[in-house]
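Each chain is listed here by its residues.
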Amino acid sequence: MNKTDILEQRFKKSFSSNTVDRAIYSSDLAPTSKIVSFFFISKPLGILLPRTITDLQEMITFCYQNKISFIPRGSGTSGYGGATPTRKSVIIDCSRLVDIISFDKENMTATVESGVTFEQLTRFLEKEELTLRSYPSSAPAATIAGWIAQGGMGFGTAKYGTAKDQVVSFNLIRPDGTLENYSIDDLDLIYALSGITGIITQLTIKIRSLTNENVYGYNSPSLEKLLEKVDIFTNNNHSIHTIHLQNPDFRSLKQLIDKGENKTSEEASDSIDLSEHEYHLLVVSEEEIKENDLSKDSKIKLLSPDIIKEEWEKRFTSLRIKRLGPSIMPCEVVIPQDKFHTFIKLVQKKFNEPIAWESHFVKGSEAIILFYFFTDERSFSLNFAFLNPLVIVQLAEKVGGRAYALGYWFSGYEKKLLSPATLNKVRHYKEKHDESSLCNPDKVFSRRFKWFPIISNKTVIKLGSFSGQILMKILRIKGYKKANTSYLKKMKK
Amino acid sequence: MQIKELIDAELGTEPFICALCGYCRQSEAACPEFKLLHWEIFSPRGKLAAVKALEKGQLKANETTIARITESLYNCTMCSACSEVCLVDIDLIALWKNLRRWVTKEGFLPDTLSDLFDNLDESKNIYGVDLIDRNLWAMNIEDEVEERYNAKLSNEGVGVFFGCVFSMGGSVRDVPEKVVEVFEKLGIEYSLLGTEEWCCGNPFFLNGLPEKGKDFAEHNLAKLKEMNVKKMVTGCAGCFRVFTEEYPKITNEPLPFEVQTIAEFLVEHIKNNPPIQSQKAFKAVFKDPCELGRHCNYYEPPRELINQLPGIELLEFPHSREEAFCCGAGGLLKATNAPLTLDMAHILLEELQPEVEAIVNSCPTCQEAIEKAVKKEGIDVEVIDIIDLVLRAYQGDEK
């Protein structure tokens, strides 16, 4: 019997090897081209769907005993290939583990199963006058465990830090099937590791009291001026939990979508007010910000509370701009806060075209910047769009930054994100509990390239990026689609 | 029809616009099919991913593939919860209809629907009974209504369209008689189609076969025109959606008359002639039918009507209006997978607050599905059509 048959026989209705299921679980949020898929991605053997933690433990133990590689998956809302297969593996879809186990008002913690989403937990907590501290921009769908395994940042991180700062303790089923409870001291065994050390079953995370959200918005044509404002806020005001910056191109594209109902993009484009083509800063504070601190610069405009409140309520809708795609190649980098302006100038110089981006600032003087490259996954140009994230990461590295997450596409860059001590600990753990590297193989640590095992995947990706960029220069190909032709025409006028 | 032809002709770039954000499957008020079946293919996002994989050649349109896609399409209630939360505003219901059309043309129409469509072709109703039996609901009041069949109306009169489920369905077949009683009490001039009433054609429209629904539209519109109808009322959410959304697309022009739900129609009449006293006061909750609410953006009139009836305290489900949970019977699911219908109704009933004494419906399909689930689960709550509620208010006067 082959591996699929034994999985089928053992897990029956909790396993599917249907061709349709295998196809749709073979990718995540980022589109992959045929060429890239040929080299790197393969369809999973099948999908396992545990309904309980006991189911999950049985599945992992069975895979381990039968030497079947397995990949944990939450909602599949990331774009780094961390939850997609690269070799014959089975995907374990944990999105059904959705119990909210308990909350503790005294210690301000909540304990949940790994498939619980941020929206689910928020709705639950709000009934108790509680809420989350930090959460991602994909909160309506993203699972809490997925965000931690990704090394997440987002809303609330200016005060409460990243995903790492939310965890109190966790339960993990190790690759050999043993279930273990870990304290915060062992957080480095799961944080930003794409689940290579096992599958999280339960997490206790920090929560906070539900407080008033005082939302402020600033517009300015000067990025520098707004960054000065950000510096003041991050250094002096400890009640601010969110600092969210958007560039003018991102704003205009959002406007185009919001004004485009029942209009052609040409008509909608005409209704865009380019006088508002400015950088936009949204700041959310648990206490009212003193009037003196709000704005002291004539180049910065303070927006009306009504407008900005509505914007805050729609904070999970950034991806609406994908309607202009049809596809988007996203790219996220983390850079030092003091290098923000330098980095953006590097990007502008490199691409010399409007590129939409937005950013969150993180406690500890870092910022995550998310770029949106428009493409069409049906066309050959997708192969070139694939290079843009690599170029952006290279530019980030020049200013001391890094890729936001490792997953598969940035495996091999682990030294940029994780400390030597953490890497040693993880390597030692893997040797002890997963000597055959069955648990989410080829992620985080770069493996050998499957068609030419003398070199690593990281080298192949770098070579591909280098030669691709040369080819693009020679053939004068842009690696992305102009966001919206009518909008750009207007810009040029 | 090849999948590529379908995409080029009908779906366009829409499947590729999907942001894969997962809001359609993961949000609390999102897809009930995914909530229960949980494989990605049973989510809206999963269906689109399958279409994209077909278009990109990552999947072949063979029997296994189409069978799995068919399974996912016919476990969907077309409740439109997916469209409601879609980040990029994809008209997902239009996509599901087109995909159902495709699998039907490929020979994958579920047998139960094949039988239902045969019934429609042969008998012009979903049950396959003779047209002459369409009036059986009126057997106790034949003398009173006989003159109402196909009667010419003055400009103040209304044409009543009951639909198949109210006219011939099991537990709701007493509702038309109650409509007549309420109309008589309020002195409303009305006319009935009787045996001339055909199904509105909703099963064909929900299956992406508007050309098959065309005969039904033309017949019903012609008969209503013959009665000089200036306003048509219906108590069925599905019929209301078909008349207001599908028929104008068939005729390429606005309908020659106004269409209202009976609930909305009665709001004004009750204002002018309110019931004085009702039965014992009780707490009720209104269940938004998907085909009225999310499909037609129609939420307030039934609530307005209930609020006019004395003695009723109207509560809301924790998820209501745009976020309302589906009863599970829509989108032809009751015919293709009845146990799943019951499971979806169970999710809805889990939301029921203990103090609620009655669930009020404005859709016969919801009424039947919820009634069945309540009975199965032994819940102590009354399931009642909104017209029944109105009639009781007036009967309270008499007592």
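This one's a predicted model, so the numbers in the text were calculated from it and none came from an experiment. (Residues numbered from 1 in each chain as written. Chains lettered and ligands numbered in written order. Predicted model: local features only at pLDDT ≥ 70, side-chain atom pairs only at ≥ 80, totals over all residues. Heavy atoms only, no water.)

> Help me get a handle on the overall build of chain A, residues and values and all.
When its secondary structure is counted, chain A shows 19 helices and 18 strands. A compact globule built from 493 residues should have a C-alpha radius of gyration of about 23 Å, and chain A, at 23 Å, falls within 12% of that. Each principal axis of the C-alpha atoms in chain A carries an extent, and together these give about 70 × 65 × 45 Å. Expressed as a percentage of the 493 residues in chain A, the buried residues total 61%. (Helix = DSSP H or I, 4+ residues; strand = E, 2+ residues; numbered from the N terminus. Rg over C-alpha atoms; globule rule 2.2 N^0.38 Å. Buried < 20%, exposed > 50% of the residue type's maximum accessible area, 1.4 Å probe, protein only.)

> So, the sheet that holds strand β2 (residues 190-192) of chain B: which residues are in play, and what are the values?
What links the strands of a sheet is backbone hydrogen bonding, and the strands pair in either a parallel or an antiparallel sense. All names here are of chain B. Strand order in this open sheet of 4 strands is β2-β1-β3-β4, and the pairing throughout is parallel. In the strand order of this sheet, the two ends are held by β2 and β4 (258-261), each with one partner. Within the sheet, the average angular offset between the axes of one strand and its neighbour, ignoring direction, is 30°. Examined bridge by bridge, strand β1 (residues 158-161) and strand β3 (residues 231-234) share 3 bridges and lie parallel to one another. (Pairing = 2+ DSSP bridges. Axes fitted to C-alpha atoms, helices over the stretch in contact; angles between N-to-C directions.)

> Give me the nonpolar core: which residues, what numbers.
Core analysis: the largest hydrophobic core is formed by 150 residues, its most contacted members being W96(B), F183(B), F243(B) and L266(B). Apart from the residues within four sequence positions on either side, W96(B) is in contact with P44(B), K47(B), L48(B), L73(B), C76(B), M78(B) and C82(B). (Core = buried A, V, L, I, M, F, W, Y, C linked by side-chain atoms within 4.5 Å. Contact = heavy atoms within 4.5 Å.)

> Before we move on, can you summarise the interface of chain A and chain B with the specific residues and values?
Facing 42 residues of chain A, the contacting portion of chain B comprises 42 residues. When the area that chain A buries against chain B is broken down by residue, the three leading residues are I24(A), R323(A) and R378(A), summing to 18%. The tally of links from chain A across to chain B stands at 6 salt bridges. D89(B) is paired through a salt bridge with R320(A); the nearest N and O atoms lie 3.1 Å apart. Here chain A and chain B share 19 residue pairs in polar contact (both at pLDDT 80 or more) between them. (Buried area = accessible area lost by both parts, 1.4 Å probe. Salt bridge = Lys/Arg side-chain N within 4 Å of Asp/Glu carboxyl O. Polar contact = N/O pair within 3.5 Å; in protein donor to acceptor, adjacent residues only side chain to side chain.)

> I'd like a description of the pairing of strand β12 (residues 240-246) of chain A, backed by residues and values.
Residues and elements named next belong to chain A. Counted residue by residue, β12 has 7 buried out of 7 residues, so it is predominantly covered. As paired strands, β12 and strand β13 (residues 279-285) are joined by 6 bridges and run antiparallel to one another. Considered in β13, the bridge of I243 is made with V283. Of the pairings in the sheet, the one linking β12 to strand β16 (residues 356-362) comprises 3 bridges and is antiparallel in character. Bridging from a neighbouring strand, L245 pairs with S359 of β16.

> Please give an account of the packing of aromatic side chains that cites residues and values.
All told, the structure shown has 31 aromatic pairs over all chains when counted by the stated rule. Geometrically, the ring pair formed by W198(B) and F216(B) is edge-to-face, given 5.7 Å between the ring centres and 65° between the ring planes. Of this pair, W198(B) sits in the loop between β2 and α13 (202-206) while F216(B) sits in helix α14 (residues 210-226); the two residues are 18 residues apart in sequence, bridging distant segments of the chain. With respect to class, W198(B) is no different from F216(B); both count as buried. One aromatic cluster in this structure is built from Y80(A), Y404(A), F410(A) and Y413(A). Here R378(A) stacks its cationic end above the ring of F16(B), 4.9 Å away from the centre of that ring. Above the plane of the ring of W96(B) lies K47(B), whose end atom (NZ or CZ) is 5.6 Å from the centre. (Phe/Tyr/Trp six-rings, centres within 6.5 Å; stacked < 30°, edge-to-face > 60°. Lys NZ or Arg CZ within 6 Å of the ring centre and 35° of its normal.)

> How would you sum up the sheet that holds strand β6 (residues 312-315) of chain B? Please name residues and give values.
All names here are of chain B. Spatial ordering of the open sheet is given by β6-β5-β7-β8, a layout of 4 strands whose pairing is parallel. One side of each edge strand has no neighbouring strand; the edge strands of this open sheet are β6 and β8 (382-385). On average, each strand axis in the sheet is inclined to that of its neighbour by 35°, with strand direction left out of account. Note: strand β5 (residues 282-286) against β6, 4 bridges, orientation parallel. Bridged to A284 within β6 is L314. The sheet strands contacting helix α21 (residues 364-377) are β7 (358-361) and β8, and the helix crosses β8 at an angle near 170°.

> A description of helix α15 (residues 387-398) of chain A should follow, citing residues and the corresponding values.
All names here are of chain A. The terminal C-alpha atoms of α15, which comprises 12 residues, lie 17 Å apart, in line with the 16 Å expected from a rise of 1.5 Å per residue. Among the 12 residues in α15, 9 count as buried, and that is most of the element. Burial in α15 covers these residues: L387, N388, P389, L390, V391, I392, V393, L395 and A396. On its buried face, α15 is in contact with β15 (327-336), α13 (340-351), β17 (366-375), α14 (382-385), β18 (402-403) and α18 (457-475). Positive backbone phi, at 85°, marks G400, one or two positions downstream of α15. (Expected span 1.5 Å × (residues − 1).)

> Please set out the pattern of salt bridges residue by residue, giving values where relevant.
Counting across every chain of the model gives 47 salt bridges over all chains. With its nearest N and O atoms 2.6 Å apart, the salt bridge here joins D21(A) to R68(B). Pair noted here: D21(A) is in helix α2 (residues 19-24) and R68(B) is in helix α6 (residues 63-73), and the two residues belong to different chains. Here R68(B) falls in the buried class, since its relative accessible area comes to 10%.

> Give me the packing of helix α12 (residues 175-185) of chain B against helix α16 (residues 262-272) of chain B: which residues, what numbers.
Residue and element names in this part refer to chain B. Orientation of α12 relative to α16, taken along the N-to-C sense of each, is 20°, at an axis distance of 12 Å. By the angle between their directions, the pair α12 and α16 is classed as roughly parallel. Both α12 and α16 take part in a crossing whose hand is left-handed. Contacts from V179, V182 and F183 of α12 reach α16 at I262, F265 and L266. (Parallel < 35°, antiparallel > 145°, perpendicular 65-115°, else oblique. Left-handed = near helix turned anticlockwise from the far one by under 90°.)

> How would you sum up the confidence of the model for chain B? Please name residues and give values.
Chain-level pLDDT for chain B is 94 on average; 98% of the residues reach the 70-or-more range. Scoring of the predicted complex yields 0.93 for pTM and 0.91 for ipTM. (pLDDT = per-residue confidence, 0-100.)

> Hey, could you go over the side chain of R251(A) for me, with residue numbers and the actual values?
Along the polypeptide, R251(A) turns up in helix α9 (residues 248-258). Once residues lying within four places of it in the same chain are set aside, the contact partners of R251(A) are Q246(A), E278(A), H280(A) and E311(A).

> Can you explain α14(B)? Please cite residues and give values.
Residue and element names in this part refer to chain B. Taking 1.5 Å of rise per residue, the 17 residues of α14 would be expected to cover 24 Å, and the 24 Å separating its terminal C-alpha atoms lies within 8% of that figure. Considered for burial, the residues of α14 that qualify are G213, F216, A217, H219, N220, L221, K223 and L224. Positioned one or two residues after α14, N228 has a phi angle of 60°, which is positive.

> An account of the state of the cysteines is needed here, citing residue identities and associated values.
Residues and elements named next belong to chain B. Counting across every chain of the model gives 0 disulfides over all chains. A disulfide-free cysteine, C79 has its sulfur positioned 4.9 Å from the sulfur of C326, the nearest such atom. Judged by relative accessible area, C79 falls into the buried class, the value being 6%. Free cysteine C164: the closest other cysteine sulfur is in C199, separated by 3.8 Å. According to the relative accessible area criterion, C164 is buried, its value standing at 6%. (Disulfide = S-S within 2.5 Å.)

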